[in-house]
Amino acid sequence: MQWIRWQGVFVFAGFVVVLGLVWWLVVDTLAEWAIERTGTAIVGARVDLGAANVTLFPSGIELFALEVTDPDHPMRNAIEVRRIAGRVDGLQLLRRKLIIDELAVEGVRFGTERARSGAVEARETARGRVGNAAGRLAEAIELPSFELPDPEALLEGEELESLALIESLRAEAQQEKAKWEQTLDELPDPETFDDYARRIQQAREGGVLARVAKLAQLAADVRKDVGQLREAASRLDEDLKRLRERAAQVRAAPQRDIRRLQDRYGLSPQGLTNLSGRLVGPRIDSLVRQGLLWYDRLSPLVARAARAAGDGGAEVVERVRGRSVLVRFREDPPLPDFLIRRATVSIEIEAGIFEGTITNITPDQDVLGQPLRFAFAGRELDGIDAVDVDGEFNHVKPEAPVDRLAARVRGFRLSEVTLSESERWPIRLTAGRADLHAQGEVRAGVLAADLGAVLRNASLSAEFAEDSAVANALSRTLEEVDAFDLGAKITGTLADHDVVVRSSLDRLLTQAVESLISGQMRRLEILVRSRVDQALHGPLADLDSQLGGLDSLSHEFANRIGLANGVLGEAGGGGKKGGLKLPGGFKLPGGFKLR
């Protein structure tokens, strides 16, 4: 009896040899291809890997020279990693799960140059979820020049409110004057009262009874005319009072015109409101947008696409007997298909190396039940006293994700930092020391972040393209600044966020130009007032003439009433009701005396 079938041994040995050759020749290439393809799809730009080494005994993976292209700058790497190495859980690998307990990431660098372009065709930019508020801010940089405009050119084509009011009042006064002249023509005039005087003299001739009757009738007629004159004079006084009140208001209108012209042409210190935000805001928003783009690109690493409705996490299939069906039973504890329990990362920057750890890297946090957390720290770096960065990406509840980041940098020595990229208003920080902090949160797609910096021993350079009084004042002030603070609040969503910048520079810049602006304002006011007074001189003189004409009519009413009273005095009535006195103390109707 033959215990060993050599044919089978040879076949098995051949199978093992072939399998080993395939593993040795192909598996590393397949791993490299898979990493490059998947990374390129996530980032939207080329991801290159120098080499991959997959080992079976012990189970592990080692990657070399990983380069991730910056999609916005195809000739630059956003991230370059010298070496990534980790041990794979072999038992879990047999269960089709890639579980790495410890991963070492060494030689991480940012912004390195590439030998060839990393652009890919028809790439989507961050899946369209991150908006561009920087463009809106950049368009808003339009600072007032505060240059004194030519008063003649300023008033050319301007409709002065004061002139319109004067013209309206002048026309009304002219109409009132014409109306009262006509009214005066219709009322008793001096000739009428001269006629009364002649008739009174004639009435004194004749018998007593005839004299009494005539004088009484004449007195009644005179009193009636006096009543008409007095009523008309009272109404004229009311119209004159109303017109004079309006004239007083009209005379204050030129000052309103001057203020309106000043406000229109920006000659006010309020034109410098949030100047630092208008200058530095686009730069800050550009940095924020780049960070949000990378957050959006890398989010698939911590959040798999939404599961089907009703999916409760780990897949559980009812056991099926009698058929060849793959059955996955409930796990205890449940594990995702991909998990890096702990990664130690070494980041290389110009200042030196700072290190940190990342735990629970998986796209299935709802299965694992724990969020991704990270913490980095650096001490005694070249040009930086201390760096601390920590945060978490919590997608344990996919319907309510919360991602947080906090960073603190102390004693950061800066040089040649661009604060404003505007061609008209460029500002550079040539030197300084800064303490920086940043706190941000994205809760269910809603963004809220606060950035801040306190700079000391600062040296600013502001070579403004404009050659104007305000540009020179701002430039001198910025160059004299040695300490200031700068902060920003970011609110909104990834697709539509707002950046509000605050800085102590606003107060310094405003103080620097307030005296300049005030002087320009005073000079403009004098010149504009002169031109406005010149434009209003003729209409105001005509208005005064119209009002003076109404005054003359009022005097004419007073004269006629005086004539009427004189006539009544001649007649012996004195303008009062009463009877005529007869010799012996008798009194006749009409208040006349017999001679």
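Basis of the calculations
- Residues numbered from 1 in each chain as written.
- Predicted model: local features only at pLDDT ≥ 70, side-chain atom pairs only at ≥ 80, totals over all residues.
- Heavy atoms only, no water.
- Helix = DSSP H or I, 4+ residues; strand = E, 2+ residues; numbered from the N terminus.
- Buried < 20%, exposed > 50% of the residue type's maximum accessible area, 1.4 Å probe, protein only.
- Contact = heavy atoms within 4.5 Å.
- Salt bridge = Lys/Arg side-chain N within 4 Å of Asp/Glu carboxyl O.
- 1 Å grid on protein atoms, 1.4 Å probe; cavity = no way out; pocket = protein on both sides within 12 Å on 5 of 7 lines; lining within 4 Å.
- Points joined across faces, edges and corners; volume = space filled by probe spheres on them.
- Nonpolar A, V, L, I, M, F, W, Y, C, P; charged D, E, K, R; others polar.
- Core = buried A, V, L, I, M, F, W, Y, C linked by side-chain atoms within 4.5 Å.
- Polar contact = N/O pair within 3.5 Å; in protein donor to acceptor, adjacent residues only side chain to side chain.
- Pairing = 2+ DSSP bridges.
- Phe/Tyr/Trp six-rings, centres within 6.5 Å; stacked < 30°, edge-to-face > 60°.
- pLDDT = per-residue confidence, 0-100.

**Points about the overall build of the protein**
Step number 1: Scanning the protein for helices and strands turns up 12 helices and 16 strands.
Step number 2: Expressed as a percentage of the 595 residues in the protein, the buried residues total 39%.
Step number 3: Restricting the contact set of the protein to residue pairs at least 6 apart, pairs at least 24 apart contribute 64%.

**Here's the deal with the pattern of salt bridges**
Step number 1: For the structure on display, the rule yields 26 salt bridges.
Step number 2: For Asp48, the salt bridge is made with Arg46, and the minimal N-O distance between the two is 2.7 Å.
Step number 3: With relative accessibility at 27%, the residue Arg46 sits in the partly exposed group.
Step number 4: In this structure, the salt-bridge partner of Arg242 is Glu172, at a minimum N-O distance of 2.6 Å. In this pair, Arg242 sits in helix α7 (residues 208–251) while Glu172 sits in helix α5 (residues 161–186), placing the two residues 70 residues apart along the sequence.
Step number 5: For Arg242, a relative accessible area of 32% gives the class partly exposed.

**A word on empty space enclosed by the protein**
Step number 1: The final tally for this structure, using the stated rule, is one cavity of 30 Å³ or more.
Step number 2: Roughly 50 Å³ of internal volume is contained in the largest cavity.
Step number 3: If you trace the largest cavity, you find it lined by Ser276, Leu279, Val280, Leu419, Ile427, Leu478, Leu505 and Leu509.
Step number 4: Where the lining of the largest cavity is concerned, the elements lending two or more residues are α9 (275–298) and α12 (505–571).
Step number 5: Among the elements that make up the lining of the largest cavity, the one with the highest residue count is α9 (three residues).
Step number 6: Classifying every residue of the lining of the largest cavity gives seven nonpolar, one polar and no charged.

**Overview of the nonpolar core**
Step number 1: Within the largest apolar cluster, 39 residues are counted, with the highest numbers of intra-cluster contacts made by Ile284, Phe464, Leu474, Leu478 and Phe484.
Step number 2: Sorting the residues of this core by element identifies α9, β11 (427–443), β12 (446–461), α11 (469–480), β13 (484–493), β14 (497–503) and α12 as the ones contributing at least two each.
Step number 3: Contact partners of Phe464, with chain neighbours within four places excluded, come to Arg424, Trp425, Pro426, Ile427, Ala471, Leu474, Ser475 and Leu478.
Step number 4: Counting 33 residues, the second-largest nonpolar core is a separate cluster that includes Phe193, Leu240, Leu543 and Leu553.

**With respect to the side chain of Asp403**
Step number 1: Among the structural elements, Asp403 can be located in strand β9 (residues 402–414).
Step number 2: Among the polar contacts listed, one links the side chain of Asp403 to the side chain of Tyr295, at a separation of 2.3 Å.
Step number 3: Side-chain polar atoms of Asp403 contact the side chain of His395, separated by 3.0 Å.
Step number 4: In contact with Asp403, other than residues within four places in its own chain, are Tyr295, Glu392, Phe393, Asn394, His395, Gly440, Glu441 and Val442.

**Describing the side chain of Gln365**
Step number 1: Position of Gln365 relative to the elements: it lies in helix α10 (residues 365–368).
Step number 2: Among the residues examined, Gln365 registers a relative accessible area of 1% and is labelled buried.
Step number 3: Here Phe393 takes part through its backbone oxygen, which lies 2.9 Å from a polar atom of the side chain of Gln365.

**Focus: the environment of Arg256**
Step number 1: When you line up the elements, Arg256 lands in helix α8 (residues 253–264).
Step number 2: Along the sequence, Arg256 and Leu160 sit 96 residues apart, while their C-alpha atoms lie 9.5 Å from each other.
Step number 3: Each residue touching Arg256, except ones within four places of it in the same chain, is listed here: Glu161, Leu165 and Gln249.

**Quick word on the pairing of strand β5 (residues 338–349)**
Step number 1: As judged from the eight bridges shared by strand β4 (residues 98–113) and β5, these two strands associate in the parallel manner. Following the sheet pairing, Ile100 is matched in β5 by Ile340.
Step number 2: The antiparallel hairpin formed by β5 and strand β6 (residues 352–361) contains two residues in its connecting segment.

**Regarding unusual backbone geometry**
Step number 1: In this structure, Glu416 is a non-glycine residue whose phi angle is positive, near 50°.
Step number 2: With respect to the helices and strands, Glu416 occurs in the loop between β9 and β10 (417–420).
Step number 3: Here the phi dihedral of Asn457 falls at roughly 50°; this positive angle occurs in a residue that is not glycine.

**What about the packing of aromatic side chains?**
Step number 1: Tallied over the entire structure, the rule returns three aromatic pairs.
Step number 2: Judged by centre distance (6.3 Å) and plane angle (80°), the ring pair of Phe354 and Phe376 falls under edge-to-face. Taken together, the positions of Phe354 in strand β6 and Phe376 in strand β7 (residues 372–381) put the pair 22 residues apart, joining distant regions of the chain. Residue Phe354 shares its accessibility class with Phe376, and that shared class is buried.

**Concerning the pairing of β13**
Step number 1: Here β12 pairs with β13 via 10 bridges, running antiparallel. Bridged to Ala448 within β13 is Thr491.
Step number 2: Two elements, β13 and β14, share seven bridges in a ladder whose sense is antiparallel. Paired with Ala488 across the two strands is Val501, which belongs to β14.
Step number 3: What sits between the antiparallel neighbours β13 and β14 is a turn of three residues.

**Quick look at the environment of Leu568**
Step number 1: Within the fold, Leu568 resides in helix α12.
Step number 2: With 349 residues separating them in the primary sequence, Leu568 and Ala219 have C-alpha atoms 6.5 Å apart.

**So, the environment of Leu451**
Step number 1: Locating Leu451 in the fold gives a position in strand β12.
Step number 2: By relative accessible area, which is 26% here, Leu451 ends up partly exposed.

**Some words on the confidence of the model for the protein**
Step number 1: This prediction gives the protein a mean pLDDT of 75; 75% of its residues lie at or above 70.
Step number 2: Of the regions scoring below 50 in pLDDT, residues 123–128 engages in 10 contacts with residues more than four places distant in sequence or in other chains.
Step number 3: Of the regions scoring below 50 in pLDDT, residues 574–595 engages in 59 contacts with residues more than four places distant in sequence or in other chains.

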